[in-house]
Amino acid sequence: MERFPITVAGHAALEAEFRRLQQVERPRIVQAISEARSHGDLSENAEYHSAKEAQSHNEGRIVELEDMLQRAEVIDVSKLSGATIKFGATVTLIDEDTEAEKMFQIVGESEADVKSGRVSITSPTARALIGKKVGDSVEVNTPGGGKRYEIVKVDYK
């Protein structure tokens, strides 16, 4: 059973989704199935088949979340410090071509959202940054081609 890192906030979000699927969605879907059954012939009952499909998706996601929650290694980023970039770091970079400033936090795969500035620990950007410190230059191979960044700030918040 391979463990994976996740922030406290990411773990809380997974737990909230897990509880919602179990306590809200599951009963709602069971009610929809029961109501559809009452309409008679199940072989041509679109409501019934739709509700059963929703149940299958919901139960599959519950199993997936349960597994993720058991394997998660929760890391409290606020207790981390140092000049070297590691999981949980919020890194400020300057694009060496455009001089544009970018900020990324390195997080677990399940909580990554590039538009919000959270990149997965397994992403090319995070892999290029891990182990580096302020003043270092890194080259990141992105789908749009190689980019060079200078690291200007490392923070753990």
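It should be noted that the structure appears before, not after, this text.
Residues numbered from 1 in each chain as written. Predicted model: local features only at pLDDT ≥ 70, side-chain atom pairs only at ≥ 80, totals over all residues. Heavy atoms only, no water.

Q: What is the right way to look at the overall build of the protein in this model?
A: Assigned secondary structure in the protein consists of three helices and seven strands. Seen in sequence order, the protein has helices and strands lined up from the N terminus as β-α-α-β-β-β-β-α-β-β. For 157 residues, the compact-globule estimate of 2.2 N^0.38 gives 15 Å, and the protein exceeds it by more than 25% at 22 Å. Of all 157 residues assigned to the protein, the portion counted as buried reaches 34%. The long-range fraction of contacts in the protein, counting pairs at least 24 apart against all pairs at least 6 apart in sequence, stands at 54%. Surface exposure of the protein reaches about 9,400 Å², of which carbon and sulfur atoms provide 49%. (Helix = DSSP H or I, 4+ residues; strand = E, 2+ residues; numbered from the N terminus. Rg over C-alpha atoms; globule rule 2.2 N^0.38 Å. Buried < 20%, exposed > 50% of the residue type's maximum accessible area, 1.4 Å probe, protein only. Contact = heavy atoms within 4.5 Å. Areas by Shrake-Rupley, 256 points an atom, 1.4 Å probe, with all protein chains shown as cover.)

Q: Help me understand unusual backbone geometry in this model?
A: Of all residues except glycine, most have a negative phi; of all peptide bonds, most are trans. For E99, which is not glycine, the phi dihedral falls at a positive 65°. Along the chain, the position of E99 falls in the loop between β3 (90–95) and β4 (101–107). Of the residues examined, E99 reaches a relative accessible area of 57% and is grouped as exposed.

Q: Looking at this structure, I do not really get the side chain of E111. What am I missing?
A: With respect to the secondary-structure elements, E111 resides in the loop between β4 and β5 (118–120). At 5.7 Å, R118 is the nearest oppositely charged side chain to E111, a buried residue that forms no salt bridge. Excluding residues within four positions of it along the chain, E111 makes contact with I6, T7, G10, F87 and R118. (Lys, Arg positive; Asp, Glu negative; His and termini not counted. Salt bridge = Lys/Arg side-chain N within 4 Å of Asp/Glu carboxyl O.)

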